[in-house]
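# Topology and contacts: notes
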Amino acid sequence: MTHMDFAHPYFGAFVMFVVTFAAFGATVWLSRFVSRKIARLDTEKLKTTLYECGPEVTKQPNTISTQFYLVALLFILFDVEIIFMFPWAINFKILGWFGFVAMILFITILSIGFLYEWKKGALEWHSIK
């Protein structure tokens, strides 16, 4: 037996994967090269002007409240918690007491994090006074 065994059942799939990867890379590179050669590089004033009616747009700083990001992160946190609970619920009888204690510990840790966020005020919107 040689050090290279071409009779492996997945060898053909691996070769196809490598060829596809190389062909995709070559296609992306070729299309980028051709598009840069064909494109006009001169800039005209007409190209950069606004084409919609109305006053010219002035750049303003984007002021999005960080509250949106905090709520999104908390949503993802508790969404992942539910994703971990589905396989546990399906295999509840198989896991026995060990699985039960592990899930109680998991929920306890997440509840402590939830209470911490609640205490810090991350769940409260700005009050209107």
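Computed from a predicted model, the values in this text were never measured in an experiment.

Parameters and conventions
- Every chain begins its residue count from 1, and numbering advances along the sequence as written.
- Predicted model: local features are reported for residues with pLDDT of at least 70 only, side-chain atom pairs are reported and counted for 80 or more only, and whole-chain, interface and lining totals are derived from all residues.
- Hydrogens and water are ignored here; the side-chain numbers use all heavy atoms of the structure.
- A run of H or I in DSSP becomes a helix once it reaches four residues, and a run of E becomes a strand once it reaches two; helices and strands are each numbered from the N terminus.
- Only protein chains enter the accessibility calculation, which uses a 1.4 Å probe; a residue whose area is less than 20% of its type maximum is buried, one above 50% is exposed, and one in between is partly exposed.
- Whether two residues are in contact is decided by their heavy atoms, any of which lying within 4.5 Å being enough.
- Only the protein chains shown count as cover for residues, and the accessible areas themselves come from Shrake-Rupley with a 1.4 Å probe.
- Charged residues are defined narrowly, with Lys and Arg counted positive, Asp and Glu counted negative, and His plus the chain ends left uncounted.
- When a carboxyl oxygen of Asp or Glu is within 4 Å of a side-chain nitrogen of Lys or Arg, the pair counts as a salt bridge.
- Note on ring pairs: Phe, Tyr and Trp rings are taken, using the six-membered ring of Trp, and paired if centres are within 6.5 Å. Classes follow the plane angle, with under 30 degrees stacked, over 60 edge-to-face and the rest tilted.
- Two joining distances apply to patches: 9 Å for like charges and 5 Å for nonpolar side chains (Val, Leu, Ile, Met, Phe, Trp, Tyr), and every residue must have over 30% relative accessible area and no salt bridge.

Let us look at the overall build of the chain. When its secondary structure is counted, the chain shows 4 helices and 0 strands. Reading the helices (α) and strands (β) of the chain from amino to carboxyl end gives α-α-α-α. Taken over 129 residues, the chain has a buried fraction of 6%. A separation threshold of at least 6 residues defines the contact pool for the chain, and within that pool the share at least 24 residues apart is 53%. Put simply, the chain shows about 12700 Å² of open surface, and 72% of that area lies on carbon and sulfur atoms.

Before going further, it helps to spend a moment on the side chain of E81. By the element assignment, E81 lies in helix α3 (residues 66-90). Among buried charged residues, E81 stands out as having no salt bridge; its nearest opposite-charge side chain is K119, 20 Å away. Residues in contact with E81, not counting those within four places in the same chain, are F106, I107 and L110.

With that out of the way, let us pick up the packing of aromatic side chains. According to the stated counting rule, one finds 7 aromatic pairs in the structure shown. Look at W88 and F92: their rings are 5.2 Å apart centre to centre, the planes differ by 75°, and that puts the pair in the edge-to-face class. Residue classification places F92 among the partly exposed positions, given a relative accessible area of 37%. For the pair F92 and F100, a centre-to-centre distance of 6.5 Å together with 75° between the ring planes defines the contact as edge-to-face.

Here we come to a nonpolar patch on the surface. A surface patch of nonpolar side chains, about 560 Å² in accessible area, is lined by F11, F14, V15, F17, V18 and V19. By the element assignment, F11 lies in helix α1 (residues 11-38). For F11, a relative accessible area of 32% puts it in the partly exposed group.

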